[in-house]
Amino acid sequence: MSELPTNFYDLTRPELFELAASWGFPTVHAAKLWAYVYLSGVENWSAMPELPARYRTKAECELVFGRHETAAETHSSDGFTRKYLLALADGRKIETVLMRFTGRVTACISSQAGCAMGCVFCATGQMGYIRHLTAGEIVAQAMHVDAALRETTNRVGQVGSDVAAGGPACRVSNTGVAAHIDPQARRPVATPALADATSSSPHDRHERLRNIVLMGMGEPLHNYDAVMKAVDILRDNNGLALGAKKITLSTVGVIPGIIRLADESRPINLAVSLHGATQEERAALVPVAKKWPLDELMDACRYYIEKLDRRIFYEWTLIEGKNDTAENAHAVGRLLKGQQAQVNLIPLNPTNGYDGEPTGREAAKNFQQILAGYGLPCTVRQRRGIDIGAGCGQLAVAKR
Ligand code: SF4
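Notes on the structure follow. (Residues numbered from 1 in each chain as written. Predicted model: local features only at pLDDT ≥ 70, side-chain atom pairs only at ≥ 80, totals over all residues.)

## Digging into the environment of Leu133
We count it as follows: Note on conventions: DSSP H or I runs of at least 4 residues are helices, E runs of at least 2 residues are strands, and numbering of each starts at the N terminus. To sort residues by burial, count the other C-beta atoms lying within 10 Å of each one's C-beta; a count of 20 or more means buried, 12 or fewer means exposed, and anything in between means partly exposed. C-beta atoms are built from the backbone. Residues are scored as being in contact if the C-beta atoms we place from backbone atoms lie within 7 Å.
When you line up the elements, Leu133 lands in the loop between strand 8 (129-132) and helix 5 (135-159). Accessibility expressed as a C-beta count within 10 Å gives 27 for Leu133, which makes it buried. Measuring from C-alpha to C-alpha, the distance between Leu133 and Pro220 comes to 9.7 Å, with 87 residues separating the pair along the chain. If near-sequence neighbours (up to four positions away) are discounted, Leu133 is found in contact with Ser110, Ser111, Gln112, Ala113, Ile138, Asn223 and Ala226.

Okay, structure coming up:
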């Protein structure tokens with residue numbers, strides 16, 4: 001029985017080079033293939049004229065571009081958020097979100113189908129765990145968003161940006177493109193020559209994906225190896241070249257993963273979901289707190305901060321009457337005082353399986369001010385895509 005082809009998106013650039021060498025080809029061909037895919041968004045073998053025919057034929061037999069099919073796409077009424085329901089090769093589904101903020105585009109990416117952590121207010125937690133995603137399935141989500149941005153840029157040359165103009169939302173395909181519209185020239189231009197794989201020019205011709213948050217479906221540190229490999233691929237300087245500080249990983253508090261991140265000196269941002277400032281209150285919202293108690297979590301966070309000299313972003317879902325009182329805020333302040341930390345307050349987003357209410361604007365502001373009194377920078381997160389179920393804690397799919 002012949003082996004299944006390798007998913008291109010599962011490979012780091014060195015691995016792609018090694019593969020070329022194992023087939024008896026110089027790595028320069030692999031470098032060109034890498035650039036076609038990551039710099040120009042090309043996945044069509046016949047649109048890669050700079051690859052020698054023999055290498056192309058071999059690669060075509062051995063590799064597959066494991067992009068996700070779009071099962072559904074929804075756009076928020078304000079035009080700032082798009083949610084993609086993506087089908088994996090085995091028929092499982094995940095959700096990925098594209099969010100526009102002033103001057104930047106962020107992709108919220110899933111690391112698992114479902115989640116085993118069971119946070120009570122989270123739709124993904126309510127659906128339960130299905131499986132880990134592979135590195136390639138994580139990378140392909142970023143490529144999906146990148147392709148959507150290319151498509152939008154192409155449309156800019158023809159009809160103007162849908163979002164900037166506040167106009168109708170557009171549908172996008174998930175296919176790569178072999179030609180760009182140069183937004184300056186307002187005309188199609190051929191895919192640029194790929195001889196210089198380090199050139200930024202091809203990539204700069206479309207609106208770039210600059211930020212990734214691993215805050216979609218799943219607990220990233222429960223799928224550590226695949227997530228870190230995906231991060232390495234996304235950061236590759238000859239590819240999407242995402243800055244380490246533009247990638248944020250959010251964990252519910254998987255202590256071994258936090259320690260490992262610190263020991264491996266991973267330079268990405270770390271967000272830790274807190275939600276309760278005492279063990280009892282936290283465990284009521286985040287069941288895994290029973291396995292990884294609050295005091296041990298704080299030890300791990302301090303270890304991370306000291307080892308990397310980096311701050312941690314603490315996430316706090318504000319639930320009316322549950323964890324949003326002045327007393328709660330003082331408890332958070334006492335817990336985090338003196339740490340290199342920032343607190344992000346997220347008014348609860350609605351889900352079918354939890355009947356809590358979001359904290360109102362005034363109470364959120366009071367909470368923020370109390371934390372400021374402890375020297376803790378604190379933001380109230382902009383709510384985006386709530387009307388399409390794309391907000392924090394809202395992602396979920398039918399299990400089958
Ligand atoms: S909040 Fe994150 S860790 Fe908790 S259940 Fe949802 S996806 Fe999983």
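Resuming the write-up.
## Structural notes on the sheet that holds strand 4 (residues 81-87)
The cut-off we apply is this: Strands pair, by our definition, only if DSSP identifies at least two bridges between them. Orientation is described by lines fitted to C-alpha atoms, with helices fitted over the stretch in contact, and by angles between N-to-C directions that extend from 0 to 180 degrees.
Taken in spatial order, the 10 strands make up an open sheet running 3-4-5-6-11-12-13-14-15-16, and their pairing is mixed. Sheet topology places strand 3 (69-75) and strand 16 (378-380) at the edges, where each strand pairs with a single neighbour. Neighbour to neighbour, the strand axes of the sheet diverge by 20° on average, direction disregarded. Of the strand pairs in this sheet, strand 5 (residues 93-101) and strand 6 (residues 104-108) are connected by 5 bridges, and their pairing is antiparallel. Following the sheet pairing, Phe101 is matched in strand 6 by Arg104.

## Regarding the packing of helix 10 (residues 326-336) against helix 11 (residues 361-373)
Applicable threshold: Angle categories are assigned with fixed cut-offs, so that under 35 degrees is roughly parallel, over 145 is roughly antiparallel, 65 to 115 is roughly perpendicular, and the rest are oblique. Note on convention: near helix rotated counterclockwise from far helix by under a right angle means a left-handed crossing. Clockwise means right-handed. Amino acid classes used here: Ala, Val, Leu, Ile, Met, Phe, Trp, Tyr, Cys and Pro are nonpolar; Asp, Glu, Lys and Arg are charged; the rest, including Gly, are polar.
Orientation of helix 10 relative to helix 11, taken along the N-to-C sense of each, is 30°, at an axis distance of 9 Å. Here helix 10 is positioned roughly parallel relative to helix 11, judged by the angle of their axes. By crossing handedness, the relation of helix 10 to helix 11 is classed as right-handed. Facing Ala326, Ala329, His330, Val332 and Gly333 of helix 10, the residues of helix 11 in contact are Asn366, Phe367, Ile370, Leu371 and Gly373. Split by residue class, the contact of helix 10 with helix 11 holds 6 nonpolar, 4 polar and no charged.

## A look at helix 9 (residues 294-308)
Where we set the bar: Multiplying 1.5 Å by the residue count of a helix minus one yields the expected span of that helix. The directions considered for the arc run from the helix axis to the C-beta atoms.
End to end, helix 9 covers 21 Å across 15 residues, agreeing with the expected 21 Å (1.5 Å per residue, within 8%). Residues Leu294, Leu297, Ala300, Cys301 and Tyr304 constitute the buried set of helix 9. Buried residues of helix 9 fall within an arc of 120° about the axis and therefore sit on the same side. Summarising the geometry of helix 9, the exposed residues directed more than 90 degrees from the buried face are Asp295 and Glu306. Each element contacted by the buried residues of helix 9 is listed here: helix 7 (255-263), strand 13 (269-273), helix 8 (279-285) and strand 14 (312-318). Asp309 lies just past helix 9 and shows a positive phi near 50°.

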